[in-house]
Structures are given as C-alpha cells and as structure tokens.
Amino acid sequence: MDNGAVAVSGNRIADVGRFDDIKTHNAGTTVDLGERVLLPGLINAHCHLDYACLRGKISPQKSFTNWIQAINAEKSELSPKDYVASINNGFTEAKRFGTTTITNLTAFPELISQVQPPIRTCWFAELIDIRAPERANELIDSAIESLGRLRPELVLGEADGSAPSGLAPHALFTASKDLLRRCDEIAQRDHILLTTHLAESREEMEMFRYRSGPLYEFMRSIGRPMNDCGSKTPLELFLDLIGSGGSPNRPRAIEVKRPYLSWIVAHLNELTESDFDLLERSNSKFHVAHCPRSHNYFGHSPFSFERLRSLGFNVCLGTDSLASNHTLSLFDEMRAFQKEFPSISAEEIFQMVTVNPARALRQESALGQIRSGFGADLIAVPCSTSTDIFEQILAFDGPVSWLMVNGNT
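Residues numbered from 1 in each chain as written. Predicted model: local features only at pLDDT ≥ 70, side-chain atom pairs only at ≥ 80, totals over all residues. Heavy atoms only, no water.

A.B. asks: Please give an account of the overall build of the protein chain that cites residues and values.
C.D. replies: A count of helical and extended segments in the protein chain gives 15 helices and 13 strands. The C-alpha atoms of the protein chain give 21 Å as radius of gyration, which agrees with the globular expectation for 409 residues (22 Å, within 12%). Here the C-alpha coordinates of the protein chain stretch approximately 70 × 45 × 40 Å along the principal axes. Counting all 409 residues of the protein chain, 56% fall into the buried class. (Helix = DSSP H or I, 4+ residues; strand = E, 2+ residues; numbered from the N terminus. Rg over C-alpha atoms; globule rule 2.2 N^0.38 Å. Buried < 20%, exposed > 50% of the residue type's maximum accessible area, 1.4 Å probe, protein only.)

Written out as structure tokens, the structure is:
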C-alpha cells in the first residue's frame, strides 16, 4: 500500500489504510518513517538462546555425533550466570534484526525468572531424561512449575497476542518414550504447545532404522536402552508415540479436534518414501521448523520443502542456535532458503517468518500480519518502488532501524 499508515492504540493495531484516510479519524502522535516498507514483526520458529555464547566456538565436525560431543564439552564449562548472559545477549541480537516474537528452547527453565525478554517469547522447557528415565515425571512437573512463574504478560493466551509456553522433549534419542507420551497427553489436556527435534541427521536414521552408526554407538555407550532401534524410521516411531501412526496399541490415531497437532517439529531432514506415505495418510499435521543455515552447517540431506508443502504441512523458518549459525537474523535465513529453493516466491518465503509461525504458535488471529485488532508488532526497512517489494525485503541486510513490540518502540 503506497503512503500507507497504521494507527496504534495501546498495544493493538487500531486501523490500517492510506495516511490521508487514517489521519482524519485518529488523533495523536504521528511518526513518519519515510521511504520504508512497514512490515509485521518477524517470528523465529526455532531457537536456542542458551547457546548464543557459543558463536564460532565449534567448527563443523566430521559427524553430527561429534558435534553433540563438542557442544557437551563446551556446556560443561558454563555456569548459570553464563547462560543468563547468553540468553539476554541473544534477545538483544534477535531484536536488532527485526524479530519481535521468538520460540526459545531452554534447557534451564529455572533460569527464566532471571531474564527480562525485550520481545515476545514462547518459552519451551527442553527435557532430556536419557540418563535417568525414571525421572521423567519429575522433570516435566518441575518444568511446568517454572513456566507457571512467567510474568503474566508472557503466559499462554490463545489468539490474544501474548506469547505461549510449552514443553520440548529434546529428541527421540534423548527423551524416553514415557516422557514423550506424557508431554503429548498434557498438551491434549491443557492445550499447551510442544516441540521436538526429529529426523535431523543421517546418523539418527542409521540409529533407529539400522542399529548402526556413530549416534547409535554413542547412545549405547552412555547407557541408553536401544530396544527401539533396528526397524522403524524416526518419523514412524514418533507418530506411533503420539498416536498418529496407526499403531494398534494407540487406537486414537489421528482423531484430534485441531487440523494441526500441538507439535512444532524442528528439522525433519531425513525422510524415506515410507515416511511420506505415512504423512500422506495422516489427517492431522504438525508444524515444521526449518533452519536453513544450521542445515547447511551440518551438511544434512536436502530439505523436502516442496513435498511437505504439497501435503499441507505448515513450514516455518528458525535460526537454531549460534553453536551452528553465525547470526540470529531471519533475513539471513530467508536468503539462505531462497538460495536453496529459488523457485519459491519471495512473498511465500516472507510468510514463513510471519504468517506461518504465528499459526504454529496459535497466534494467527493476533500476530504475523498488519491488521486491525492484531498486536502492534511492527518493523520498517528501506524500500523503493523500482523492484519487487518482497525481493527487497529478502535482500535487506543489516540491523532494523525502527521496531515496535507490543505497542512500544
């Protein structure tokens, strides 16, 4: 919209239209942003701010398992104070690059109360019980207690513009079946969100389908029970666990109230033809978070975007962590995705950091668009009328000079 304007009242968008029309109906302070395009604030669908302090610390490894061992070694040197500083620094960087809502997985939910997020934050408590599966219930209860202490403006409220919270059983190889199933049951009962890492690497596929590979040997060496390995793919195991895989032991398969399940699945890089057959037969979908630059860092198999999109999956973009990335800029992620999928329009790619993640967070009626009644989360970047506006958005490279979060600049 040329010469467009947005009227903001409190923390909401009150009106959208041309400036001459808006100014006649709204009295108040006017901010002229000049030759810029006004956009909804960007939404990061998958991030680990715990590890913002690890930028450049871990060079690409020979295997995904080597990287796990390398990051574990780095983490062993960090204190709670280090993690709090890392999270705060990560927030600052994400905001500088136009992110106004972030989906952040933290392995330390007890530290959330010590952090003051400057942007909307969907906190996911990351859960790992591989060394002590008998503690699954204790871990979940403790995480829920920590999430319950979030400041009121950050507590889950569907479609009201506040940031939801949820649980994040880390991955099939680090979270027990009991932990995953209980998280799924809690999500269905309490309508909270869930996220997990799934089918991320070739080594994960080797482990579960063939009982072989570096990840299999590493997990076995630390005492993980390996009786779920040797037949099914990671996706097949996951769908069985959450009751969407047609397992005879889980007869409630794909009978849910929502067309989308509570899960945001990160990565989903390794899929077989039988996996796609399963996804095609499922009446319910989960959301998918793809992290292009982290994907390139690890050298994963090509991401099956077109096939997932054709099956109706809602694909979003995230930055992952700075342990496998260089910045927390979603503009950088959009350009990396465009390089990987040049046939996808710039407008559709932009939806993957606005409309799509808003839907994944159940905020499609409050965030991700500039519409009356939506949350006042806005950013502005330079533009001209000479070329396609969405191509200009993707080409933008640098800090965002003007930003509003929840009605505040």
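A.B. asks: So what about the packing of aromatic side chains? Which residues, and what values?
C.D. replies: Throughout the structure, instances matching the rule amount to 15 aromatic pairs. A centroid spacing of 6.1 Å and a plane angle of 80° characterise the contact between Phe238 and Phe286, whose relative ring orientation is edge-to-face. Residue Phe238 is located in helix 8 (residues 234-241), and its partner Phe286 is located in strand 10 (residues 285-290); the two are separated by 48 residues in the primary sequence. With relative accessibility at 2%, the residue Phe286 sits in the buried group. Seen in terms of ring centroids, Phe331 and Phe396 are 5.1 Å apart; in terms of plane orientation they differ by 70°. Their pairing is edge-to-face. In this pair, Phe331 is assigned in helix 12 (residues 330-340) and Phe396 in the loop between helix 15 (389-395) and strand 13 (402-404), connecting sequence segments 65 residues apart. Grouping residues by exposure puts Phe331 and Phe396 together as buried. (Phe/Tyr/Trp six-rings, centres within 6.5 Å; stacked < 30°, edge-to-face > 60°.)

A.B. asks: Please provide a residue-by-residue account of the environment of Cys383, values included.
C.D. replies: Within the secondary structure, Cys383 sits in the loop between strand 12 (378-382) and helix 15. Ignoring sequence-local partners within four residues, the contact set of Cys383 consists of Glu35, Arg36, Val37, Ile389 and Gln392. (Contact = heavy atoms within 4.5 Å.)

A.B. asks: Quick rundown of the sheet that holds strand 12? Include the residues and the values.
C.D. replies: Strand pairing in a sheet takes place through backbone hydrogen bonds and is either antiparallel or parallel in direction. Pairing within the open sheet is antiparallel, and its three strands lie in the order 3-12-13. One side of each edge strand has no neighbouring strand; the edge strands of this open sheet are strand 3 (36-40) and strand 13. For this sheet, the mean angle separating the axes of adjacent strands, direction not counted, is 20°. Across five bridges, the pairing between strand 3 and strand 12 is antiparallel. By the bridge assignment for strand 12, Leu38 is matched with Ala380. (Pairing = 2+ DSSP bridges. Axes fitted to C-alpha atoms, helices over the stretch in contact; angles between N-to-C directions.)

A.B. asks: Help me get a handle on the sheet that holds strand 4 (residues 42-47), residues and values and all.
C.D. replies: What the eight strands build is an open sheet, ordered 4-5-6-7-8-9-10-11; its pairing is parallel. Edge strands, defined here as strands with exactly one partner in the open sheet, are strand 4 and strand 11 (314-317). Each strand axis lies, on average, 25° off the axis of its neighbour in the sheet, ignoring direction. As paired strands, strand 10 and strand 11 are joined by four bridges and run parallel to one another. Bridge assignment links His287 to a residue of strand 11, and that residue is Asn314. Lying on the sheet, helix 4 (residues 136-147) is in contact with strand 6 (120-127) and strand 7 (166-169); it crosses strand 6 at an angle near 165°.

A.B. asks: Help me get a handle on the side chain of His295, residues and values and all.
C.D. replies: Tracing the chain through its elements places His295 in helix 10 (residues 292-298). Residue contacts for His295: discarding those within four places in its chain leaves Asn269, His290, His300, Ser301, Pro302, Phe303 and Glu340.

A.B. asks: An account of the packing of helix 2 (residues 64-75) against helix 7 (residues 214-221) is needed here, citing residue identities and associated values.
C.D. replies: Two numbers describe how helix 2 lies on helix 7: the axes approach to 8 Å, and their chain directions differ by 40°. For the element pair helix 2 / helix 7, the angle class is oblique. Mapping the contact onto sequence places Thr65, Ile68 and Gln69 in helix 2 and Pro214, Leu215 and Phe218 in helix 7. (Parallel < 35°, antiparallel > 145°, perpendicular 65-115°, else oblique.)

A.B. asks: I'd like a description of the pairing of strand 2 (residues 12-18), backed by residues and values.
C.D. replies: Put simply, side chains in a regular strand alternate between the two faces of the sheet. Pairing of strand 1 (residues 4-9) with strand 2 involves six bridges; the strand directions are antiparallel. Looking at strand 2, one finds that Ala5 is bridged to Gly17.

A.B. asks: Lay out the confidence of the model for the protein chain with the relevant residues and their values.
C.D. replies: Confidence along the protein chain averages 91 in pLDDT terms, with 92% of residues attaining 70 or more. Note on residues 152-159: pLDDT is under 50 here. Beyond four places in sequence and across chains, it has 25 contacts. (pLDDT = per-residue confidence, 0-100.)

A.B. asks: Report on the packing of helix 4 against helix 5 (residues 177-190), specifying residues and quantitative values.
C.D. replies: One way to put it is that helix 4 packs onto helix 5 with a least axis distance of 9 Å and a crossing angle of 40°. Considering the angle they form, helix 4 stands oblique to helix 5. Regarding helix 4 and helix 5, the two cross each other, and that crossing is right-handed. In this structure, helix 4 uses Ala136, Asn137, Leu139, Ile140, Asp141 and Ile144 to contact helix 5, whose residues at the interface are Leu179, Arg182, Cys183 and Ile186. Tallied by class, the residues present in the contact of helix 4 with helix 5 amount to seven nonpolar, one polar and two charged. (Left-handed = near helix turned anticlockwise from the far one by under 90°. Nonpolar A, V, L, I, M, F, W, Y, C, P; charged D, E, K, R; others polar.)

A.B. asks: Could you give an account of helix 4, with specific residues and numbers?
C.D. replies: Count 3.6 residues to each turn of an α-helix, and residues three or four apart come out pointing the same way. Across its twelve residues, helix 4 extends 17 Å between first and last C-alpha, which sits within 8% of the 16 Å expected from 1.5 Å per residue. Taken together, the buried positions of helix 4 are Ala136, Leu139, Ile140, Ala143, Ser146 and Leu147. One side of helix 4 carries all its buried residues, which in axial view fall inside an arc of 125°. The secondary structure elements touched by the buried residues of helix 4 are strand 6, strand 7 and helix 5. (Expected span 1.5 Å × (residues − 1). Arc of directions from axis to C-beta.)

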